[in-house]
Amino acid sequence: MKLGTKLIHAGVAPDPSTGAIMTPIFQTSTYVQTAPGQHKGYEYARTQNPTRDALQDALAAVENGTHGISFGSGLAATDAVMKLLSPGNEVIASSDLYGGTYRIFTKVFERYGIKFHFINMQDAQQIKAHINANTKLIWIETPTNPLLNIIDIAACAQIARQNNLLLCVDNTFASPYLQNPLDLGADIVVHSATKYIGGHSDVVHGVVIVKQDDLAQQLYFIQNSCGAVPGPQDCFLVLRGLKTLHVRMQRHCENGVEVAHFLRNHPKVEKVYWAGFEDHPNHDIAKKQMRGFGGMMSFTLKNDSLEAANKVLSNTKLFSLAESLGGVESLIGHPASMTHASIPREERIKNGLADSLIRLSVGIEDAEDLIADLKKAIEL
Ligand SMILES: *Cc1c(COP(=O)(O)O)cnc(C)c1O
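The paragraphs below set out a description of the structure included in this document. Along each chain, numbering runs from 1 in the same order as the chain's sequence is written. Given that this is a predicted model, residues contribute local features only at a pLDDT of at least 70 and side-chain atom pairs are listed and counted only at 80 or more, while totals for whole chains, interfaces and linings are drawn from all residues. The side-chain quantities take in all heavy atoms of the structure and omit both hydrogens and water.

## Structural notes on the sheet that holds strand 8 (residues 269–273)
Operational definition: Pairing between two strands is assigned when DSSP locates at least 2 bridges connecting them. Runs of E in the DSSP output that reach at least two residues are strands. Runs of H or I that reach at least four are helices, and both are numbered from the N terminus.
Strand order in the open sheet formed by five strands is 8-9-12-11-10, and the pairing between neighbours is mixed. Only two strands of the sheet have a single neighbouring strand rather than two, namely strand 8 and strand 10 (320–321). Here strand 8 runs beside strand 9 (residues 296–301); their pairing, made up of four bridges, is antiparallel. Residue tyrosine 273 lies in a different strand from strand 9, and its bridge partner there is serine 298.

## Focus: the nonpolar core
Selection criterion: To define a nonpolar core, start from buried Ala, Val, Leu, Ile, Met, Phe, Trp, Tyr and Cys residues and group those joined through side-chain atoms within 4.5 Å. Three exposure classes are used, based on accessible area relative to the maximum for each residue type with a 1.4 Å probe and protein chains only: buried under 20%, partly exposed in between, and exposed over 50%. Where each domain starts and ends follows an automatic or database-derived domain assignment.
With 33 residues, the main nonpolar core has Leu59 and Leu242 as its most contacted residues. Those elements that place two or more of their residues in this core are helix 1 (3–9), helix 2 (50–62), strand 7 (206–210), helix 8 (232–242), helix 9 (245–264) and helix 10 (283–289). Counting residues domain by domain, this core receives three or more from each of domain 1 (3–242) and domain 2 (245–379). Within the second largest apolar cluster, 28 residues are counted, among which are Val81, Met82, Val210 and Ala216.

## As for the layout of surface pockets
To be explicit about the condition: Residues are said to line a cavity or pocket when one of their atoms sits within 4 Å of a point; the points come from a 1 Å grid over protein atoms alone, cavities being sets where a 1.4 Å probe fits but cannot get out and pockets being open sets with protein on both sides within 12 Å along at least five of seven lines. Grid points are joined across faces, edges and corners, and a volume is the space filled by probe spheres set on the points. The nonpolar class holds Ala, Val, Leu, Ile, Met, Phe, Trp, Tyr, Cys and Pro. Asp, Glu, Lys and Arg form the charged class, and all remaining residues, Gly among them, are polar.
Looking at the largest pocket, its volume works out to about 1,000 Å³. For the largest pocket, the lining is made up of 44 residues, of which Asp96, Asn145, Pro146, His340 and Leu353 are closest to its centre. Only helix 4 (99–108), strand 3 (115–119), helix 9, strand 8 and helix 12 (345–350) provide two or more residues apiece to the lining of the largest pocket. Across the lining of the largest pocket, the residue classes break down as 19 nonpolar, 15 polar and ten charged. Built from parts of two domains, the lining of the largest pocket gets at least three residues from each of domain 1 (3–242) and domain 2 (245–379).

## Notes on empty space enclosed by the protein
Under the definition given, this model contains three cavities of 30 Å³ or more. Space inside the largest cavity adds up to approximately 70 Å³. Taken together, 13 residues make up the lining of the largest cavity; nearest its centre are Pro143, Leu148, Phe293, Gly294 and Met296. Residue composition of the lining of the largest cavity, by class: eleven nonpolar, two polar and no charged. Considered as a void within the structure, the second largest cavity measures approximately 50 Å³ in volume. Ala322, Glu323, Gly333, His334, Pro335, Met338, Thr339 and Arg359 together form the lining of the second largest cavity. Among the residues forming the lining of the second largest cavity, the class breakdown is three nonpolar, three polar and two charged.

## With respect to helix 11 (residues 306–315)
Applied cut-off: Throughout, the arc means the angular range of directions from the helix axis out to the C-beta atoms.
Among the residues of helix 11, those classed as buried are Ala308, Ala309, Val312 and Leu313. The arc that holds every buried residue of helix 11, seen down its axis, measures 135°, which confines them to one face. Facing away from the buried side of helix 11, by more than 90 degrees, are the exposed residues Glu307 and Ser314.

## Description of the sheet that holds strand 5 (residues 166–170)
Applicable threshold: For helices, the axis comes from a line fit to the C-alpha atoms of the stretch in contact; other axes are also lines fit to C-alpha atoms, and the angle between any two N-to-C directions lies between 0 and 180 degrees. Here a residue-residue contact requires only that any non-hydrogen atoms of the pair lie within 4.5 Å.
Here seven strands make up an open sheet; going across it, the order is 1-7-6-5-4-2-3 and the pairing mixed. The sheet is open, and its two borders are formed by strand 1 (67–71) and strand 3, each paired with just one other strand. Neighbour-to-neighbour, the strand axes of the sheet open up by a mean angle of 20°, direction not taken into account. Here strand 2 (residues 90–94) pairs with strand 3 via five bridges, running parallel. Looking at strand 3, one finds that isoleucine 92 is bridged to histidine 117. This element, helix 5 (residues 153–162), spans strand 4 (135–141) and strand 5 of the sheet and lies at about 155° to strand 5. Packing of helix 7 (residues 213–226) onto the sheet brings it into contact with strand 1, strand 5, strand 6 (188–192) and strand 7, and relative to strand 1 it is tilted by some 20°.

Structure representation (structure tokens):
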């Protein structure tokens, strides 16, 4: 089955009691047993819920995995993956990470005796120098946030396999429409389904997808033991969002092409960060592992000051100034003062994150209107 068909049909079946075509929201905490231990496979809703089951099966199918395990947020999914590890274990992570991921690694899991090495992985071979007998996991995010660098998933997977390590890919930015890390050799995929998978900025949700039974059993155990499960209404919303992922992503990609080229040709714009340009340093890897370049991009202004950036950020009308990404509506953000404000300025500049860097999540409105909105704000 191809992706569009899977997005609509995988995991779901008409409700057997009524024929309802849409999976009902099973808003229940427990299930009646006919005699002790005699039940229909559902005992208590932290452990199993039919709405969640449908979503988990659908998510597994669209990432070409065998098991999807859902959580109350993307970070709860990350938390579950880290709980596969034990004190003394080491993780090699890409340095260009979602801020919340960096925070849970350094502020939570370091306290539990897990050691992290944050390195630039644009050349995957750099990973090898940091592997030792305690290393258990490689964690990457690609494309990266907010500089849209690309990491070679297959190259990382090969290094992981040769050294008996797990490779986990945060696939939030690409979504299953653009990239399937399990097919490229990754062991674990995580998503913040809050973003493209949900797609409508109305739910916070996370998922871990694997294709190995032993990993799945450990993760189900963690899901049930630690309890960061999503509610059934949220599962319903994500399932509903998932059905249009391919149609939305197609438009995100089309609009992304238009907006990226408009920005690149604008005299007040210094640089546009988007892997679709042929001269992007990792364009070849992006072309190899992705089916399109998506709607996320960043740009800097020739006038590299906070004031100049603020003027653009405060004057777009269709692009709303907000954190998050991946919804149908366009968003504009300022990493230096918003998502990446916790990183000291010197460190930010060193990593290539300029004060005037502006990040866009290009939505699925009409490209002409989006471009007119940006043009007006940039030229003000
Ligand atoms: C938002 C985000 C997360 C965290 O997900 P939540 O659903 O907000 O907990 C993780 N990784 C990336 C790349 C994200 O954009």
